[in-house]
Amino acid sequence: MDFIRYAERSAALVNVELPDEAALREHLADRTWLHDAVVPGDVAALHAFRAELRPVFEASDADDVPSVVRTLNDLLAMHPVTPMISDHDPDDLHMHVANRAASVAELLIGEALMGLATLVCDLGATRLGICSAARCDHVFVDTSPNQSRRYCSDRCSSRANVAAFRARQRRAEQTRSGAHEPVTQPRAATS
């Protein structure tokens with residue numbers, strides 16, 4: 001199991017719009033073997049789970065370690081994980097976080113919870129965040145060595161950098177134009 005990938009998928013799950021089964025299949029574009037198993041109940045279950053999961057990212061972003069741990073533990077209790085050894089390739093035995101009877105929603109929920117729980121235990125409870133871009137509320141997983149990630153994507157990072165550059169340019173222009181304007185002295189009153 002690649003727990004970092006599962007943790008990153010949990011962020012993608014919180015960020016994605018899932019109005020219907022087609023949107024869920026689109027979200028699972030790289031996992032086509034799950035497409036036929038998607039049912040309407042999966043969409044409803046994932047909507048509810050996303051609302052339950054977002055507070056984990058918010059607490060982590062606020063450096064509230066006790067809330068991260070408590071919320072993840074509550075979610076693990078609410079959504080028990082039933083791992084199994086997969087033998088679809090006898091030369092590559094590996095663990096899955098859900099058994100064959102699990103729904104697509106149960107599989108995604110299990111992956112998200114196991115990924116986040118493992119990430120929190122291995123890297124710390126403050127490795128989850130909310131994008132710092134002005135008009136974005138997406139969440140992300142920070143696996144950077146110095147825990148410096150502030151944006152959900154390169155796109156948001158670029159937009160923020162361009163906006164900051166333009167703001168600096170405007171301030172510099174205002175400073176230049178203000179410094180070169182002649183200062184007018186009030187005329188002395190004559191009698």
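The structure contained in this document is the topic of the report that follows. (Residues numbered from 1 in each chain as written. Predicted model: local features only at pLDDT ≥ 70, side-chain atom pairs only at ≥ 80, totals over all residues. Heavy atoms only, no water.)

Moving on, we come to the pattern of salt bridges. Scanning the entire structure with this criterion turns up five salt bridges. Among the ionic pairs, Glu-58 bridges to Arg-54, the shortest N-O distance being 3.1 Å. Pair noted here: Glu-58 and Arg-54 are both in helix α3 (residues 40-61), with a separation of four residues, about one helical turn. Notably, a salt bridge pairs Arg-100 with Asp-87, separated by 3.1 Å at the nearest N-O pair. In this pair, Arg-100 is assigned in the loop between β2 (94-96) and α5 (104-123) and Asp-87 in the loop between β1 (84-86) and β2, connecting sequence segments 13 residues apart. Taken together, the shared-partner salt bridges in this structure form one network comprising Arg-9, Arg-31 and Glu-111. (Salt bridge = Lys/Arg side-chain N within 4 Å of Asp/Glu carboxyl O. Helix = DSSP H or I, 4+ residues; strand = E, 2+ residues; numbered from the N terminus.)

Here the focus is a nonpolar patch on the surface. On the surface, Ile-85, Leu-93 and Met-95 cluster together to form a nonpolar patch covering roughly 280 Å² of accessible area. Position of Leu-93 relative to the elements: it lies in the loop between β1 and β2. Judged by relative accessible area, Leu-93 falls into the exposed class, the value being 53%. (Patch = residues over 30% accessible without salt bridge, like charges linked within 9 Å, V, L, I, M, F, W, Y side chains within 5 Å. Areas by Shrake-Rupley, 256 points an atom, 1.4 Å probe, with all protein chains shown as cover. Buried < 20%, exposed > 50% of the residue type's maximum accessible area, 1.4 Å probe, protein only.)

For the rest of this paragraph, the subject is the nonpolar core. Formed by 39 residues in total, the largest nonpolar core has its most connected members in Leu-24, Leu-46, Leu-53 and Phe-57. When contributions to this core are tallied by element, the ones reaching two or more residues are α1 (3-15), α2 (21-27), α3, α4 (65-78), α5, β3 (128-130) and β4 (139-141). The dominant element in this core, judged by the number of residues it contributes, is α5, at 10 residues. With residues near it in sequence (within four places) discarded, Phe-57 still touches Ser-10, Ala-11, Val-14, Leu-116, Leu-128, Gly-129, Ile-130, Val-139, Phe-140 and Val-141. (Core = buried A, V, L, I, M, F, W, Y, C linked by side-chain atoms within 4.5 Å. Contact = heavy atoms within 4.5 Å.)

Looking now at the side chain of Arg-50. By the secondary structure assignment, Arg-50 is in helix α3. Of the polar contacts made by the side chain of Arg-50, one reaches the backbone oxygen of Val-14; its length is 3.4 Å. Those residues in contact with Arg-50 that sit more than four places away from it in its chain are Leu-13, Val-14, Val-16 and Leu-18. (Polar contact = N/O pair within 3.5 Å; in protein donor to acceptor, adjacent residues only side chain to side chain.)

Its boundaries defined by the atoms lining it, the largest pocket holds a volume of some 490 Å³. What lines the largest pocket is a set of 24 residues, among which Arg-31, Trp-33, Leu-34, His-96 and Leu-107 lie closest to the centre. For the lining of the largest pocket, the elements supplying multiple residues, two or more each, are α1, β1, β2 and α5. Looking at the lining of the largest pocket residue by residue, the classes come out as 12 nonpolar, six polar and six charged. (1 Å grid on protein atoms, 1.4 Å probe; cavity = no way out; pocket = protein on both sides within 12 Å on 5 of 7 lines; lining within 4 Å. Points joined across faces, edges and corners; volume = space filled by probe spheres on them. Nonpolar A, V, L, I, M, F, W, Y, C, P; charged D, E, K, R; others polar.)

By the secondary structure assignment, Ile-4 is in helix α1. For Ile-4, a relative accessible area of 33% corresponds to the partly exposed category. In this structure the C-alpha to C-alpha distance between Ile-4 and Leu-116, which are 112 residues apart in sequence, comes to 7.9 Å. Contacts of Ile-4, omitting those with residues within four sequence positions, involve Leu-119, Leu-123 and Thr-143.

Just distances and angles here, no functional claims.
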